[in-house]
Each structure stands twice: as structure tokens, then as C-alpha cells.
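Coordinates in review
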Amino acid sequence: MTESRTKSKEQRTKTKFYSLSTVHYSLFTNRGFALVAALVVMTLLLAIAGAAMTNSSLGFMSISSDRKYQLATWAADYAINEAIKYSVATAMCPPSQVSGTVGSGINQASWTYFAVPAIASQYCFVHGRGFLGSTSVIKTTVVPRTAKFGGMITRGGTINITGGAAAVAGCDTDDTASCGIMPGVITSSSLSGNFGQQPSTTCASNPLGGLVGSPPIVQDAGIGDLFARYFNVTDWNNLKTTIASKYGITMPPAAQTPPSIPPGCKIEPASDKKCCKTTSATKIECYNSTDCTGSPLSGAGYSIDLAASGCSQIEVRSPSFRIQHNVGNIGIFADWVTVNSAITNTRISTAGSVTLNASATNSQILAAQDATITDNMTNSNVFANNITFNLGNNTIAGGCGASSPNPCPDPSKSGGTFFANNDISILGSGNKNFGTDADPLLMLAGNSISMAGSGNSTIRGFVASNGIGLNITGSYEIKGTVVNNSSSSQLYNSGNADIKFNMGILKEIFRQFGSPMQEPTCGGGNIYSTVKNTKMIAY
């Protein structure tokens with residue numbers, strides 16, 4: 001019994017011991033598993049974090065690379081467009097490599113371009129590069145040579161050059177702002193007639209006969225209205241309106257309505273006032289004869305005393321008003337005016353015609369009918385239905401400009417504009433000079449221009465017609481450009497006449513005349529096709 005109890009106790013003790021050992025072992029085993037699990041989780045988290053960091057780094061590198069690529073592309077675009085702009089503006093390839101930067105700070109990239117002329121300089125191959133760090137983008141394009149000006153610009157028609165040495169040339173050896181050798185003629189449609197063609201790589205003082213230039217003819221179907229091409233207007237009629245506003249006149253040329261003029265400065269119409277004239281620099285008297293001879297009419301309204309009346313403007317209504325003495329600083333409203341003595345700072349407006357047999361300086365002529373000019377003019381403007389120059393060894397000079405070296409008293413009224421609603425005709429013998437290098441002319445005709453007479457004459461200016469064209473039978477040299485806006489224009493050059501493109505002359509006209517004339521550029525045209533065909537290489 002006692003033995004049995006002892007065994008039972010031992011059994012219970014062993015059982016208890018085994019139970020504790022089992023618990024201790026279980027606890028020890030669970031603690032090791034948790035540690036392993038923690039290590040596994042930590043490893044996974046580290047792996048995820050590492051992957052995230054790697055992904056973030058790759059993403060940053062990708063974003064940084066993309067930013068560099070975008071900026072380099074932007075710089076390459078800038079380089080290409082700078083080269084295109086130069087080529088279009090100058091009608092030439094850029095002469096050397098050009099470089100620069102675009103943007104600022106962290107968004108600044110560098111660019112460079114160079115160009116190579118190709119196919120007889122009629123095309124310009126452009127290589128542009130943009131780069132930022134080690135990232136580069138290259139773009140290339142081919143720019144066709146564009147020309148806004150030439151010796152003559154027309155919308156099509158007929159050219160007959162039959163004079164022995166007559167030529168239409170795309171350059172002038174006297175040009176102070178050369179564009180290189182431009183086309184002889186630019187036309188929007190094919191030309192017919194009788195003319196030779198002389199491709200030229202050098203500018204000759206006496207060009208070979210025919211059309212001379214690089215190339216002799218350029219046909220550009222995109223040419224529209226030529227007055228819209230060279231002025232900030234839509235067409236000829238819009239140009240007339242704009243000029244009328246610029247000079248404070250009516251268009252087409254018509255007599256202006258006089259302002260309120262005091263009775264002492266006015267001669268009213270009457271049947272016995274057949275002719276009036278200046279009898280001194282300050283006195284105007286009227287006559288009952290058509291040639292202003294005999295005794296002057298007496299009584300109120302038959303004469304004007306400029307000094308006593310203090311007239312700054314006068315109105316003289318008679319079939320004829322003759323200026324026989326030098327006058328100046330006055331406005332004249334009349335029916336028909338003949339100027340036989342010099343005028344200065346004088347504005348004449350007539351319902352009929354004006355004949356200028358004496359010099360005019362800083363003056364303006366507005367004739368509803370015709371203006372005939374037989375003497376020198378300086379810094380003066382003429383607006384008429386028709387203008388006829390019948391000159392000997394005379395000079396018709398332009399005027400002044402808005403800035404140095406010869407500023408105008410009133411820049412908006414600079415001289416040297418000759419506007420005919422219909423025709424301009426040049427006649428007479430002697431060596432006639434129209435415009436100078438310093439003071440060229442703007443000569444505009446609504447219909448045609450003819451140049452005849454004897455002697456060697458020079459015209460320096462912008463000569464343009466809206467009608468059938470230009471007929472030259474005399475010996476003339478035209479420096480500047482000739483423009484004809486008709487699609488059926490006619491240039492007949494049977495005289496020994498040269499038409500030579502001269503950019504320096506055109507730039508001086510623009511400086512003096514200003515708006516609405518567009519600033520002249522060598523090149524021109526639409527660059528869309530050039531930009532559209534740009535090629536790109538990235539590396």
C-alpha cells in the first residue's frame with residue numbers, strides 16, 4: 001500500500017515535470033518562429049523599399065532625361081527658326097556658324113546652327129543643334145531662296161526689251177545696302193514677249209541686255225496684290241485712302257474745300273475776273289483779260305493785300321491765277337494756277353490744273369485735273385489726276401525723313417511723293433534727275449508710266465503702277481525697283497534703259513516716307529513649307 005502510494009507520487013511528479021518541459025519547449029519554439037517571421041518581413045520590407053528607391057531613382061533619371069530632351073529639342077527648334085528667319089529676311093544663307101542660348105536658369109539650353117548654300121545658291125541647307133549637358137537634338141531643313149524684291153515685280157504680262165543694251169537687273173553696283181544679286185524679274189505668272197535671260201553671279205555696272213539676275217526670272221504663283229505686298233494696305237484703292245489720310249487731302253485728287261477765309265484774303269468769282277496774278281510778293285490783282293494784261297480792275301473784291309490783311313491762306317476764283325513773284329508760307333485755293341516764280345512752304349489746291357514753271361521747295365500741289373512740272377522740286381509732293389514732267393537739266397529731289405541726318409519739320413509730311421490717279425509722263429531734253437541717293441522718290445500711277453525724251457536721265461526711287469505698265473523710249477537708268485500690279489502688264493523698253501534693283505534706295509524711301517510703306521527686306525515669302533519639312537535627329 002505504502003509502495004503503491006510512493007509510485008503514484010513519483011508518477012505525478014514526472015508528469016508535472018514533463019508538462020513544464022513541454023510548456024517551456026513550446027514557448028521557446030514559438031519565440032524562434034516569431035523572430036524568423038520578423039526577419040522575413042523585414043527582408044521583404046527592405047526589398048520593397050529598395051525596389052521603390054530604385055524605381056524612384058529610375059523615374060527621376062527618366063524625368064530628368066525627358067526634361068533635357070525637351071529643352072534640347074526646344075533649343076534645336078530655336079536654332080532652325082533663327083536660320084530660316086535670316087535666310088528669308090536676307091535671301092542668302094547665313095555666312096557663318098551662329099550660336100547662343102535660350103531660356104534661363106535650370107531651363108536654359110544652348111543652340112548652334114550653320115548653313116551651306118546648294119544648287120547655285122538657290123537653296124540653303126541648314127543644320128541646327130540644341131543641347132543640354134550630354135543630350136543633343138539635331139534638326140535640318142532646306143530653305144529655298146526667297147526674294148521680295150528684284151529689278152521688276154509684276155503679276156504677269158508682256159516684256160519687250162528691244163533697246164541694244166537695255167536690261168532689267170537684280171543688282172546695282174552703287175547699292176549701299178546690297179542684298180546680293182536678286183532676280184531680274186519676279187512674276188506671279190508666265191511672261192511673254194521679247195527678252196533675253198542672263199544668269200549672273202556678279203554685279204556689273206553695265207549689265208548685259210535682257211533680264212539679268214540670280215536667277216533672271218522667278219515665278220511665284222503665290223504673289224497677290226503688289227500694293228498689299230509692299231504697303232500696309234489691301235490694294236490700290238486702300239493705298240489711295242491711306243495716303244489721303246496721311247497728307248490731309250482728298251482722293252482721287254480733288255479740290256479741297258477752303259477753310260473759313262476772311263474777306264480780305266478772298267477773291268470771289270465774277271465774269272469780269274478773267275485772270276488774276278501777283279503784282280508783287282504781297283499783292284494780287286485781277287484783270288478783264290485772259291492773259292492778265294492791261295489795267296487791273298479796281299474796287300472791293302478785285303485784289304488782295306497779303307501784308308495788310310495778314311493772310312496765311314487765300315482763295316482766288318478766276319479762270320487763271322498766275323504766281324509771278326516769289327511767295328512762301330501760304331495756302332492757295334484756286335481754279336487754275338500757273339507758277340512762274342519760286343514757291344516755298346506753299347500748299348496749292350485747285351479744281352483744275354497746275355503748271356509749275358518755277359522751282360518748288362517744301363511745298364505741296366493738289367490738282368483735280370493735271371499737274372505739269374518744268375522746273376526743279378525739292379522736298380515737295382504732287383497729287384493729281386495726271387502728272388507730266390517736261391524737263392531739261394533739272395532735278396526733282398525727294399525730301400527729308402523722321403530722323404537724322406535730314407529730319408523733316410513735320411515727319412508725317414515728308415516730300416518726294418508723286419501720285420497720279422491715272423498716268424505719269426516724262427518728257428523733255430537734257431539730263432534729268434529724279435531723286436538722289438539721299439532723297440529718292442516714291443512715284444505711283446493708277447494706270448501707266450511713260451518715259452521719253454532725249455538725254456541721259458536717272459530715276460532713284462520706288463516706281464509703281466496699277467495699270468498696264470511702263471513704256472520707255474528714252475535713255476534712262478532706274479535705281480530702286482519697278483512694280484506693276486496688273487496681271488496683263490506691259491514693259492516696253494525700246495530705249496537704252498537699265499532698271500537696277502537697289503535696296504539702299506528703298507530703305508531711304510522707307511526712312512523718309514514711313515507708314516504705310518512696309519520696311520523693305522531682301523527676302524520674303526511664306527516659311528510654312530520650310531518649317532513643315534524640317535527633319536529631326538536625336539541622340
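Going by the structure above, here's the rest.
Notes on the structure follow. (Residues numbered from 1 in each chain as written. Predicted model: local features only at pLDDT ≥ 70, side-chain atom pairs only at ≥ 80, totals over all residues. Heavy atoms only, no water.)

Some points on the overall build of the protein
Tallying secondary structure elements over the protein gives six helices and 38 strands in all. Of the contacts made within the protein by residues no fewer than 6 positions apart, 55% connect residues no fewer than 24 positions apart. Carbon together with sulfur atoms contributes 55% to the accessible area of the protein, which is approximately 24,700 Å² in total. (Helix = DSSP H or I, 4+ residues; strand = E, 2+ residues; numbered from the N terminus. Contact = heavy atoms within 4.5 Å. Areas by Shrake-Rupley, 256 points an atom, 1.4 Å probe, with all protein chains shown as cover.)

What to know about helix α5 (residues 503-513)
Most of α5 sits out of view: eight of its eleven residues are buried. Three or more residues of α5 are buried, namely Met503, Gly504, Ile505, Leu506, Glu508, Ile509, Gln512 and Phe513. Where α5 begins, one side-chain oxygen reaches toward the backbone nitrogen of glycine 504, 3.0 Å away; that side chain belongs to asparagine 502. Glycine 514 sits one or two residues past α5 and shows a positive phi near 65 degrees. (Buried < 20%, exposed > 50% of the residue type's maximum accessible area, 1.4 Å probe, protein only. Polar contact = N/O pair within 3.5 Å; in protein donor to acceptor, adjacent residues only side chain to side chain.)

With respect to empty space enclosed by the protein
Enumeration according to the criterion identifies two cavities of 30 Å³ or more in this entry. Taken as a whole, the largest cavity holds about 60 Å³ of empty space. Along its surface, the largest cavity is lined by Ser414, Gly415, Gly416, Thr417, Pro440, Leu441, Leu442, Glu508, Ile509, Gln512 and Phe513. Only β31 (441-445) and α5 provide two or more residues apiece to the lining of the largest cavity. A per-element tally of the lining of the largest cavity places α5 first, with four residues. Of the residues assigned to the lining of the largest cavity, the class counts are five nonpolar, five polar and one charged. (1 Å grid on protein atoms, 1.4 Å probe; cavity = no way out; pocket = protein on both sides within 12 Å on 5 of 7 lines; lining within 4 Å. Points joined across faces, edges and corners; volume = space filled by probe spheres on them. Nonpolar A, V, L, I, M, F, W, Y, C, P; charged D, E, K, R; others polar.)

Considerations on the pairing of strand β4 (residues 135-144)
Working note: regular strand, side chains alternate between the two faces of the sheet. Counting buried positions along β4 gives eight out of ten residues, so the element sits mostly inside the fold. Strand direction decides the pairing type here: strand β3 (residues 123-132) and β4, joined by ten bridges, are antiparallel. Of the residues in β4, the one forming a bridge with tyrosine 123 is proline 144. Between the end of β3 and the start of β4, which pair antiparallel, lie two residues, with glycine 133 showing a positive phi angle near 65 degrees. (Pairing = 2+ DSSP bridges.)

A closer look at the state of the cysteines
Summed over all chains, the structure comprises six disulfides. Two residues, cysteine 93 and cysteine 124, share a disulfide whose sulfurs are 2.1 Å apart. Placement of cysteine 93 in the loop between α1 (2-90) and β1 (98-102) and of cysteine 124 in strand β3 is noted, with a sequence separation of 31 residues between them. Side by side, cysteine 93 and cysteine 124 carry an identical accessibility label, which is buried. One disulfide bridge connects cysteine 276 with cysteine 286, the sulfur atoms lying 2.0 Å from each other. (Disulfide = S-S within 2.5 Å.)

Notes on the environment of tyrosine 247
Here tyrosine 247 shows up in helix α3 (residues 236-247). The exposure class assigned to tyrosine 247 is buried, which follows from its relative accessible area of 1%. At a separation of 3.3 Å, a polar atom in the side chain of tyrosine 247 contacts the side chain of threonine 417.

Brief notes about the pattern of salt bridges
Under the counting rule described, the total for this entry stands at twelve salt bridges. The residue aspartate 225 makes a salt bridge to arginine 155 at a minimum N-O spacing of 4.0 Å. Residue aspartate 225 is located in the loop between β12 (217-219) and α2 (226-230), and its partner arginine 155 is located in the loop between β5 (152-154) and β6 (157-161); the two are separated by 70 residues in the primary sequence. Its salt-bridge partner being arginine 460, residue aspartate 437 comes within 3.1 Å of it at the nearest N-O pair. Taken together, the residues aspartate 437 in the loop between β30 (433-434) and β31 and arginine 460 in strand β33 (residues 456-465) connect sequence positions 23 residues apart. Judged by its relative accessible area of 17%, arginine 460 falls in the buried class. The network of salt bridges with shared partners includes Asp172, Asp174, Glu477, Lys479 and Lys500. (Salt bridge = Lys/Arg side-chain N within 4 Å of Asp/Glu carboxyl O.)

Thoughts on the nonpolar core
Note that soluble globular proteins tend to have their nonpolar side chains buried in a common cluster. Judged by nonpolar contacts, the single largest core of 65 residues is most densely connected at Ile314, Phe321, Ile373, Phe389 and Met451. The element that contributes the greatest number of residues to this core is strand β19 (residues 327-334), accounting for five residues. Membership of the second largest hydrophobic core comes to 34 residues, among which are Ile186, Trp236, Phe513 and Cys522. (Core = buried A, V, L, I, M, F, W, Y, C linked by side-chain atoms within 4.5 Å.)

Re the packing of aromatic side chains
Considering all chains together, one arrives at twelve aromatic pairs under this definition. For the pair phenylalanine 227 and tryptophan 236, a centre-to-centre distance of 5.1 Å together with 55 degrees between the ring planes defines the contact as tilted. Comparing phenylalanine 227 with tryptophan 236 shows no difference in burial state: the two are buried. Centroid distance tyrosine 247 to phenylalanine 383: 5.2 Å. Interplanar angle 50 degrees. Geometry classified as tilted. One end of the pair, tyrosine 247, is in helix α3; the other, phenylalanine 383, is in strand β26 (residues 381-390), and 136 residues separate them in sequence. Each member of the pair, tyrosine 247 as well as phenylalanine 383, is classed as buried. Clustering of aromatic rings is evident, with ring pairs tying together Phe149, Phe227, Tyr230, Phe231, Trp236, Phe419, Phe462 and Phe501. The aromatic ring of phenylalanine 131 is capped on one face by arginine 129, whose charged end is 4.1 Å from the ring centroid. (Phe/Tyr/Trp six-rings, centres within 6.5 Å; stacked < 30°, edge-to-face > 60°. Lys NZ or Arg CZ within 6 Å of the ring centre and 35° of its normal.)

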